[in-house]
Amino acid sequence: MSKRKKNYPYPLEVHHKYGADELRLYLINSPVVRAENLHFKEDGFKDIIKDVFLPWFNAFRFLLQNTDRFEKEDKIVYRYDAGRHASKSLTKVMDVWIHRSKSRYWSLWPRR
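The paragraphs below set out a description of the structure included in this document.

The rules behind these values
- Residues numbered from 1 in each chain as written.
- Predicted model: local features only at pLDDT ≥ 70, side-chain atom pairs only at ≥ 80, totals over all residues.
- Heavy atoms only, no water.
- Salt bridge = Lys/Arg side-chain N within 4 Å of Asp/Glu carboxyl O.
- Helix = DSSP H or I, 4+ residues; strand = E, 2+ residues; numbered from the N terminus.
- Core = buried A, V, L, I, M, F, W, Y, C linked by side-chain atoms within 4.5 Å.
- Buried < 20%, exposed > 50% of the residue type's maximum accessible area, 1.4 Å probe, protein only.
- Contact = heavy atoms within 4.5 Å.
- 1 Å grid on protein atoms, 1.4 Å probe; cavity = no way out; pocket = protein on both sides within 12 Å on 5 of 7 lines; lining within 4 Å.
- Points joined across faces, edges and corners; volume = space filled by probe spheres on them.
- Nonpolar A, V, L, I, M, F, W, Y, C, P; charged D, E, K, R; others polar.

Quick look at the pattern of salt bridges
Moving on, step 1. With the rule as written, the count across this model stands at two salt bridges.
Moving on, step 2. Residue Asp51 pairs with Lys50 through a salt bridge whose shortest N-O separation is 4.0 Å.
Moving on, step 3. We note a salt bridge from Arg69 to Glu73, for which the minimum N-O separation is 3.2 Å. Of the two residues, Arg69 and Glu73 are both situated in helix H3 (residues 43-74); the distance of four residues between them amounts to about one turn of the helix.

Here it is in structure tokens:
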């Protein structure tokens, strides 16, 4: 890859097209992490979307569809109960981070 030949996609265009999360995941899974050469290709972003983000999105959509079905069929409103999980001690740093991220994420969705 060469700046003079411009035989690579411009990183900011890739960032605007695919997003920051895809760029981060692409770089985390790239040889750069192991101090090797990187061949920056746009195809790598498509692979990240296909292999990582689409399964996550599909799992989340599956959860939402089934909670809606549960509410319609059983006439029970599904609500996340943070107090039920608060009794378990979160001692590991990653557990605390995941729990806080999940709480922030769920706060973005409107309540019905």
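Structural notes on the nonpolar core
Moving on, step 1. Of all hydrophobic cores here, the largest spans ten residues; its members are Val14, Tyr18, Leu23, Leu25, Tyr26, Phe40, Phe45, Ile48, Val52 and Phe53.
Moving on, step 2. Those elements giving two or more residues to this core turn out to be helix H1 (11-18), helix H2 (20-28) and H3.
Moving on, step 3. What Val52 contacts, discounting residues up to four positions off in sequence, is Leu25 and Asp47.

Some words on the layout of surface pockets
Moving on, step 1. Of the volumes computed, that of the second largest pocket is approximately 300 Å³.
Moving on, step 2. Lining the second largest pocket are Asp21, Trp97, Ile98, Ser101, Lys102, Tyr105 and Trp106.
Moving on, step 3. Among the elements that line the lining of the second largest pocket, the one with the most residues is helix H5 (residues 93-107), at six residues.
Moving on, step 4. The residue inventory of the lining of the second largest pocket, partitioned by class, reads four nonpolar, one polar and two charged.

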